[in-house]
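Descriptive analysis of the structure
This is what each chain is made of:
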Amino acid sequence: MSEQKKVVVIGGGITGLSTAYYLQKEAKEHNLPYSVELLEGSNRLGGMIHTENREGFTIERGPDSLLARKPSVFRLIDEVGLSKDLVSVSTGKSYVLANEKLHEIPSGSYMGIPVQVRPFVFSTLFSPIGKLRAAGDFIKPKSKPQGDQSLGHFFRNRLGDEVVENLIEPLLSGIYSGDIDNLSLMATFPNFYQIEQKYGGIVRGLQKTVPKPANKQGNKKPSPFRTLQGGLGSLVEAVADSLNEGSVHLETRVSSIEKKADGYDLKLQNGEEVHADSVVITTPHASAQSMLSQYSFMDSFKDMPATSVANVAMAFDQSAIQQDINGSGFLVSRNSDYRITACTWTHKKWPHTTPEGKALLRAYVGKPSDQGAVDLSDEEIADLVLKDLNKTMNITQEPEFSVVTRWRDSRAQYTVGHKDRLKQIKADLVDELPGVYLAGASYEGLGIPDCIDQGEEAVEHVLDYLKQ
Ligand code: FAD
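Residues numbered from 1 in each chain as written. Predicted model: local features only at pLDDT ≥ 70, side-chain atom pairs only at ≥ 80, totals over all residues. Heavy atoms only, no water.

**Looking at the site of the ligand**
Stated formally: Residues are labelled near a given molecule or strand when at least one of their non-hydrogen atoms is within 4 Å of it. Polar contact is the term for a pair of N or O atoms within 3.5 Å; when the atoms are in protein, one must be able to donate a hydrogen and the other to accept it, and sequence-neighboring residues count only if both atoms are side-chain atoms. Each accessible area value is a Shrake-Rupley result obtained with a 1.4 Å probe; residue values ignore everything except the protein chains displayed when judging cover. Here a strand is any run of E in DSSP of at least two residues, a helix any run of H or I of at least four, and the numbering for each starts at the N terminus.
Around the ligand, the structure places 35 residues, and the nearest of them are Thr-15, Glu-40, Ser-65, Leu-446 and Ile-448. Separating an oxygen atom of the ligand from a side-chain N or O atom of Glu-40 is a distance of 2.6 Å. Coverage of the ligand by the protein chains reaches 88% of its 1000 Å² of free accessible surface. Mapped onto the shell around the ligand, the elements with two or more residues apiece are α1 (14–29), α11 (285–291), β21 (401–412) and α15 (448–467). It is α15 that contributes the most residues to the shell around the ligand, 3 residues altogether.

Below, the structure is given as structure tokens:
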């Protein structure tokens with residue numbers, strides 16, 4: 001039997017947790033002589049996943065939804081015995097706030113792209129000219145093949161500015177917290193480009209590839225989102241509880257990584273040193289760059305932007321909301337004169353989060369063009385949110401309490417060319433630092449399932465590397 005080897009996973013967000021979990025599982029199941037340690041810089045696990053329970057409310061300070069069509073997160077949930085706690089979105093309706101009014105998102109849209117013609121034609125969200133321009137997608141020839149382009153450029157060319165600004169932009173920038181005129185098509189939705197190239201148009205292509213909606217017998221389309229009864233923090237807890245005792249180290253920030261003849265020495269902020277045979281870095285890119293700052297190939301991460309966002313969860317008595325709306329929330333169109341970017345009617349979307357007779361709203365600020373909103377005081381954020389909400393909702397009482405959360409420089413921006421830059425960095429890592437891998441929200445997808453996918457891929461790389 002070969003000697004004991006040590007793998008260090010840096011970062012205790014969902015990427016690091018899933019990486020450590022699957023590595024330990026492989027080691028146990030195949031009796032591999034590997035120990036796996038997870039080092040987390042802060043005093044808690046979960047990273048951007050952060051659930052707070054307060055006065056009977058379940059408040060998500062970070063993510064609240066899991067995309068049902070992405071399997072890796074449900075596999076992990078099953079692994080740690082939480083499948084029984086899965087909950088589906090309770091109401092399917094969502095809206096866009098445009099021209100001072102709420103408009104229902106036309107049914108059959110896929111990531112903001114109108115797939116069914118009828119609901120789009122009858123939608124109040126677009127002007128007749130905007131609709132006509134979008135129909136141009138059916139007659140416009142496919143674009144000339146190109147390496148990468150911005151999401152905004154691609155969709156404006158196919159569907160026109162109005163559909164982009166009233167629907168696609170609010171949806172996609174809600175996911176990426178970025179400006180779609182800078183975000184890379186190939187790093188976010190390469191499938192849209194492939195569909196356009198294959199079918200000659202994006203709407204026609206999606207009509208052929210997206211599963212059909214509810215049938216005439218009235219079978220409801222399954223909801224696209226899930227969450228967990230105890231909040232997404234319960235997944236963090238369950239994964240952490242499944243890790244080997246003593247293998248998780250909180251308040252253990254890694255400052256630098258040095259290559260040695262027999263592996264890597266990790267210098268910790270507290271002055272200690274940890275030796276590893278293989279390392280998986282799951283921190284944001286700025287932190288990864290700073291750990292490996294002596295390697296110039298990591299420099300392109302210095303130019304990779306990350307935006308900040310904040311959100312405020314506000315708990316009310318149900319009677320405070322005079323004009324409640326039946327739906328899961330709304331997004332704000334790009335040209336509207338609002339500082340909030342979206343609002344989730346959490347008590348409608350996830351009723352289990354809210355005690356009977358109460359309401360829970362969560363509103364978001366921090367557009368790419370309004371980063372200053374994140375630096376306002378808690379009171380200022382809550383005030384501006386209430387002012388904006390009252391333009392559509394008529395809220396007559398102060399919240400019983402509010403929880404403001406800021407996520408500074410947290411939203412990595414995959415700008416045009418991201419994929420090529422990342423490919424180069426990963427190739428240089430293989431050459432110069434074999435056994436060191438990157439995974440997580442800064443790299444190949446920032447949804448929770450994408451992060452878990454990357455963790456699983458890193459596990460495969462580590463196992464292959466240690467076998468050599
Ligand atoms: P992180 O969660 O950032 O974890 C990285 C960890 O590394 C942190 O714990 C950090 O403390 C640690 N670290 C950093 N530097 C060091 C160091 N030097 N040494 C040791 N540790 C270090 N996704 C969805 O799928 N659905 C949603 O509904 C959704 N909504 C979101 C809402 C908000 C407000 C936000 C902010 C994100 C949302 N996301 C959503 C995205 C998703 O939550 C994140 O992309 C994902 O959780 C990131 O996980 P991660 O492990 O890659 O990174």
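**Some thoughts on the sheet that holds strand β15 (residues 273–276)**
This is how the line gets drawn: Two strands qualify as a pair provided that DSSP identifies no fewer than 2 bridges between them. Axis definition: a line fitted to C-alpha atoms, limited for helices to the stretch in contact. Angles are taken between N-to-C directions and run from 0 to 180 degrees.
What the 3 strands build is an open sheet, ordered β13-β14-β15; its pairing is antiparallel. Of all strands in the sheet, those with a lone pairing partner are β13 (254–260) and β15, marking the two edges. The mean angle between the axes of side-by-side strands here comes to 25 degrees, regardless of whether they run parallel or antiparallel. Across 4 bridges, the pairing between strand β14 (residues 263–268) and β15 is antiparallel. Note on β15: the bridge partner recorded for Tyr-264 is Ala-276.

**A short note on a nonpolar patch on the surface**
Here is the rule we go by: Nonpolar side chains (Val, Leu, Ile, Met, Phe, Trp, Tyr) within 5 Å and like charges within 9 Å form the patches, drawn only from residues with over 30% relative accessible area and no salt bridge. We count a salt bridge whenever a side-chain nitrogen from Lys or Arg sits within 4 Å of a carboxyl oxygen from Asp or Glu. Each residue is placed in one exposure class: buried if its accessible area under a 1.4 Å probe, protein chains only, is under 20% of its type's maximum, exposed if it is over 50%, and partly exposed if it falls in between.
Taken together, the side chains of Val-117, Val-121, Phe-122, Phe-138 and Ile-139 make up a nonpolar region of the molecular surface, amounting to roughly 520 Å² of accessible area. The topology assignment puts Phe-138 in the loop between α4 (128–135) and α5 (151–159). Taking relative accessible area as the criterion, Phe-138 reaches 35% and is therefore assigned partly exposed.

**Structural notes on the packing of helix α8 (residues 190–199) against helix α9 (residues 202–209)**
Filter applied, for reference: Roughly parallel refers to an angle under 35 degrees, roughly antiparallel to one over 145, roughly perpendicular to one between 65 and 115, and oblique to any angle outside these ranges. Contacts are assigned to residue pairs with any non-hydrogen atoms lying within 4.5 Å of each other. For this scheme, ten residues count as nonpolar: Ala, Val, Leu, Ile, Met, Phe, Trp, Tyr, Cys and Pro. Four count as charged, namely Asp, Glu, Lys and Arg, and the remainder, Gly too, count as polar.
Running from N to C, α8 and α9 point in directions that differ by 100 degrees, and their axes come no closer than 8 Å. Judged by the inter-axis angle, α8 sits roughly perpendicular to α9. Contacts from Phe-192, Ile-195 and Tyr-199 in α8 reach Ile-202, Arg-204, Gly-205, Leu-206, Lys-208 and Thr-209 in α9. Looking at the contact of α8 with α9 residue by residue, the classes come out as 5 nonpolar, 2 polar and 2 charged.

**With respect to the environment of Ser-109**
Within the fold, Ser-109 resides in strand β9 (residues 109–110). Placed 10 residues apart in sequence, Ser-109 and Pro-119 show a C-alpha to C-alpha distance of 8.8 Å. Once you skip the residues sitting within four places of it in the chain, Ser-109 turns out to touch Pro-114, Val-115 and Leu-167. Engagement of the side chain of Ser-109 in a polar contact is seen with the backbone oxygen of Pro-106, the distance being 2.5 Å.

**Quick word on helix α13 (residues 378–389)**
Put simply, the rule reads: By this rule the span expected of a helix is its residue count minus one, scaled by 1.5 Å.
Taking 1.5 Å per residue as the helical rise, α13 with its 12 residues ought to reach 16 Å, and the 16 Å between its terminal C-alpha atoms agrees with that figure. Along α13, the residues that are buried comprise Ile-381, Ala-382, Leu-384, Val-385, Leu-386, Asp-388 and Leu-389. Buried residues belonging to α13 abut β17 (306–317), β18 (329–332), β19 (340–345), β20 (358–365) and β21.

**Describing the confidence of the model for the protein chain**
A low pLDDT means the predicted coordinates there should not be read in detail. As a reminder of what qualifies: The predictor's confidence in any single residue is recorded as pLDDT, a number from 0 to 100.
Per-residue confidence for the protein chain gives a mean pLDDT of 94, with 97% of residues at or over 70. In the predicted assembly, ipTM is 1.00 and pTM is 0.96.

**Digging into the sheet that holds strand β22 (residues 436–438)**
Reading across from one edge, β12-β2-β1-β16-β22 is the order of the 5 strands in this open sheet, with parallel pairing throughout. Either end of the sheet is taken by a strand with one partner, and the two such strands are β12 (248–249) and β22. Sheet topology places strand β1 (residues 5–10) next to strand β2 (residues 34–39); 6 bridges connect them, and they run parallel. Following the sheet pairing, Lys-6 is matched in β2 by Ser-35. The strands that α15 touches are β1, β2, β16 (278–281) and β22; relative to β16, the one it contacts most, it runs at about 165 degrees.

**Focus: the pairing of strand β3 (residues 51–54)**
Here 4 bridges tie β3 to strand β4 (residues 57–60), and the two strands are oriented antiparallel to one another. When the bridges of β4 are listed, Asn-53 appears paired with Thr-58. In this structure, the hairpin formed by β3 and β4 is closed by a connection of 2 residues, where Glu-55 is found at a positive phi of approximately 45 degrees.

**Points about the nonpolar core**
For clarity, the threshold we go by: Buried residues of nine kinds, namely Ala, Val, Leu, Ile, Met, Phe, Trp, Tyr and Cys, make up a nonpolar core once their side-chain atoms join them within 4.5 Å.
In terms of nonpolar packing, the biggest core is built from 66 residues, with Phe-155, Phe-192, Ile-257, Leu-266 and Ile-281 touching the most fellow members. Of the residues forming this core, the biggest block, 6 residues, is contributed by helix α6 (residues 161–176). Contact partners of Phe-155, with chain neighbours within four places excluded, come to Ile-113, Gly-160, Val-164, Ile-168, Leu-172 and Phe-192. Judged by nonpolar contacts, the second largest core, of 39 residues, contains Leu-243, Val-280, Val-462 and Leu-466.

**Comments concerning the pattern of salt bridges**
Applying the stated criterion across every chain yields a total of 27 salt bridges. Note that Asp-85 is salt-bridged to Lys-84, the shortest N-O span being 3.8 Å. One salt bridge in this structure joins Lys-358 and Asp-317, with 3.4 Å as the shortest N-O distance. Of the two residues, Lys-358 is situated in strand β20 and Asp-317 in strand β17; the sequence distance between them amounts to 41 residues. Relative accessible area serves as the criterion here: at 22%, Lys-358 is assigned to the partly exposed category. Among the charged side chains, a network of salt bridges with common partners joins Arg-156, Asp-161, Glu-165, Glu-169, Asp-179, Asp-181 and Arg-334.

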